[in-house]
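# Coordinate analysis (summary)
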Amino acid sequence: MKIFIVHAHHEPKSFNGALTHVAQQFLKEQGHQVELSDLYQMNFNPVSDRRNFTTQKDPDYLKQQAEEMYASEHQGFAEDVQKEIEKLFWCDVLIMQFPLWWFGLPAILKGWVDRVLAMGILYGGGKWYDNGVLKGRRAMVSLTTGGPPTMYTQTGINGDVEQILFPIHHGILHFVGFEVLPPFIAWAVSRASQEERLAYLEQYRHRLGSLETTSSLKYPSLAEYDPKTFELKQ
């Protein structure tokens, strides 16, 4: 398979860095092709503005979706954006590697989403969810947390981790067509012992070895929604 890893951590020696290193090494040993976008190392610009484009539909008023549609039709994306789009179409599996910051993506990774997942080329015109442009591909988030798993349950102080990740799983990855795999989570790694960290790395190798066979998260299909109200049919 062709695996695209988007890595978002500013410290190469971090545990996120170790997870990405293990992923690259293990996947290549298994015969897969691996492409890495290390956003901090790339100095990736997360600010979404006219610098996303080499074309202009309306020079007087910036409406991002309109400019994305125009750029999609006229090969008008900036080089850094275009390269990331090409990696998405190249891959069979996308892995996002990041620390959970403020219950969401680090800003540099959210900026990658804002700039790269552009209307026209990656969604729009009825191309979304299970009819999305990237249908047939798989995606997984691998993340670290500051707290233990007991904090991220329905009765935990931080709330259910599935609800925390829903905007990423459903609102970003599934929205553009990915089959979304259950997340890999390394809990409270800053407090973990060396033995616990090594165990997480071994667990991650096991997860990476089953990317093709792991069952994806289940969401209702477009056919189950009313086409006028987009509510589930009764």
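Residues numbered from 1 in each chain as written. Predicted model: local features only at pLDDT ≥ 70, side-chain atom pairs only at ≥ 80, totals over all residues. Heavy atoms only, no water.

## Section: the pairing of strand 1 (residues 2-7)
Here is the key point about a regular strand: its side chains alternate between the two faces of the sheet. Taken across its six residues, strand 1 has five buried, putting it largely inside the fold. Where strand 1 lies against strand 2 (residues 33-38), six bridges are found, and the strand directions are parallel. Across the sheet, Lys-2 pairs through a bridge with Gln-33, a residue of strand 2. Between strand 1 and its parallel partner strand 2, the chain crosses via helix 1 (residues 15-29), and the hand of that crossover is right-handed. For strand 1 and strand 3 (residues 93-99), the ladder comprises five bridges, and the chain directions are parallel. Looking across to strand 3, one finds that His-7 is bridged to Gln-97. (Buried < 20%, exposed > 50% of the residue type's maximum accessible area, 1.4 Å probe, protein only. Helix = DSSP H or I, 4+ residues; strand = E, 2+ residues; numbered from the N terminus. Pairing = 2+ DSSP bridges. Right-handed = clockwise from strand over helix to strand, strands pointing away.)

## Description of the pattern of salt bridges
In the structure shown here, the tally under the stated rule is eight salt bridges. For Lys-110, the salt bridge identified is with Asp-114, shortest N-O distance 2.7 Å. Taken as a pair, Lys-110 and Asp-114 lie in helix 4 (residues 107-116) at a separation of four residues, close to a single helical turn. In this structure Asp-114 comes out as partly exposed when scored by relative accessible area, which is 30%. Linking Arg-138 and Glu-179 is a salt bridge whose minimum nitrogen-to-oxygen distance equals 3.5 Å. Within this pair, whereas Arg-138 is found in strand 4 (residues 138-144), its partner Glu-179 is found in strand 5 (residues 179-180), the two being separated by 41 residues in sequence. (Salt bridge = Lys/Arg side-chain N within 4 Å of Asp/Glu carboxyl O.)

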